[in-house]
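# Structural description and commentary
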Amino acid sequence: MPTPTKTAARHAETYLPSSEDEASASSLANFLRVGDGGLAALIAPDGTTIALSAQVHRVLVQVADAMAQGMGVTVAPHNAMLTTQEAADFLGISRPTLVRIIDRGDLEAVKPGRHRYVALQDLIAYQERVAVQRRQSLDEMARDAESAGLYDLLDGQPPLKRH
């Protein structure tokens, strides 16, 4: 696991586009999609040209698309270490909830001193595990409702009135 001194806060940047940025990002996304499928390249102000790999090209298109739609984008290295607050923000939960998740052993964290850190890659893996568990639970609930005939009860019935 990476050392906690490499926190996401030091190596990550969040970009929140203004309306001007949205227009620029939209133009960039459209520009990046033009071509015959060959490699794209960037040209620096001094004329230096550098070819972009297919993966870097895809990243730029994805970032430009998101910003063109007014969405903020955070760029962080996959092995970045996040504080518990950063990790909680990433998952969209409170910090105390994240700490409970760590304490019950569902998410690994390191505590080299007073503060805990979570690896971004572990956080992404946890997020994916939870999404799979939720889908499985919802599928099971739907199967149970169908086998109990709950869907048949609603067929042809008007929607319930809410007061």
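Because the structure is predicted, anything quoted here is derived from the model rather than measured. (Residues numbered from 1 in each chain as written. Predicted model: local features only at pLDDT ≥ 70, side-chain atom pairs only at ≥ 80, totals over all residues. Heavy atoms only, no water.)

## Notes on the overall build of the protein chain
Looking only at helices and strands, the protein chain has seven helices and six strands in total. Ordering the α and β elements of the protein chain from the N terminus gives α-β-α-β-β-α-β-β-α-α-β-α-α. Out of the 163 residues belonging to the protein chain, those deemed buried represent 23%. In the protein chain, the proportion of contacts linking residues at least 24 apart, taken out of those at least 6 apart, comes to 63%. (Helix = DSSP H or I, 4+ residues; strand = E, 2+ residues; numbered from the N terminus. Buried < 20%, exposed > 50% of the residue type's maximum accessible area, 1.4 Å probe, protein only. Contact = heavy atoms within 4.5 Å.)

## Some remarks on the pattern of salt bridges
A complete count under the given rule lists two salt bridges for this structure. Arg 116 serves as the salt-bridge partner of Asp 103, at 2.7 Å between the closest nitrogen and oxygen. With Asp 103 in helix H5 (residues 95-103) and Arg 116 in the loop between H5 and strand E6 (117-119), this residue pair connects regions lying 13 residues apart in the sequence. Across the pair Arg 104 and Asp 106 runs a salt bridge whose closest N-O atoms are separated by 2.3 Å. The class of Arg 104 is exposed, set by a relative accessible area of 55%. (Salt bridge = Lys/Arg side-chain N within 4 Å of Asp/Glu carboxyl O.)

## A closer look at the nonpolar core
In terms of nonpolar packing, the biggest core is built from 14 residues, with Leu 82, Ala 87, Leu 98, Leu 107, Val 118, Leu 123 and Tyr 126 touching the most fellow members. Taken together, the elements giving at least two residues each to this core come down to helix H4 (84-91), H5 and helix H6 (120-147). For this core, the element with the most residues is H6, which contributes four residues. In this structure Leu 107 touches Leu 98, Ile 101, Ile 102, Val 118, Asp 122, Leu 123 and Tyr 126, once residues within four positions along its chain are discounted. (Core = buried A, V, L, I, M, F, W, Y, C linked by side-chain atoms within 4.5 Å.)

## As for the packing of helix H2 (residues 19-33) against helix H3 (residues 54-68)
Any two packed helices are characterised by the angle at which their axes cross and by the distance between the axes. The interhelical angle for the contact between H2 and H3, taken along N-to-C directions, is 145°, at an axis separation of 8 Å. Viewed along their axes, H2 and H3 form a crossing whose handedness is left-handed. Across the interface between the two elements, Glu 22, Ala 25, Ser 26, Leu 28, Ala 29, Leu 32 and Arg 33 from H2 touch His 57, Leu 60, Val 61, Ala 64, Asp 65, Met 67 and Ala 68 from H3. Considered class by class, the residues forming the contact of H2 with H3 number nine nonpolar, two polar and three charged. (Axes fitted to C-alpha atoms, helices over the stretch in contact; angles between N-to-C directions. Left-handed = near helix turned anticlockwise from the far one by under 90°. Nonpolar A, V, L, I, M, F, W, Y, C, P; charged D, E, K, R; others polar.)

## Remarks on the side chain of Thr 84
One can find Thr 84 in helix H4. With near-sequence residues (within four places) excluded, Thr 84 lies in contact with Arg 95, Leu 98, Ile 102 and Arg 116.

## Some details on the environment of Val 130
Relative to the assigned elements, Val 130 resides in helix H6. What makes Val 130 buried here is its relative accessible area of 15%. Through-space distance from the C-alpha of Val 130 to that of Asp 106 is 10.0 Å; in sequence the pair is 24 residues apart.

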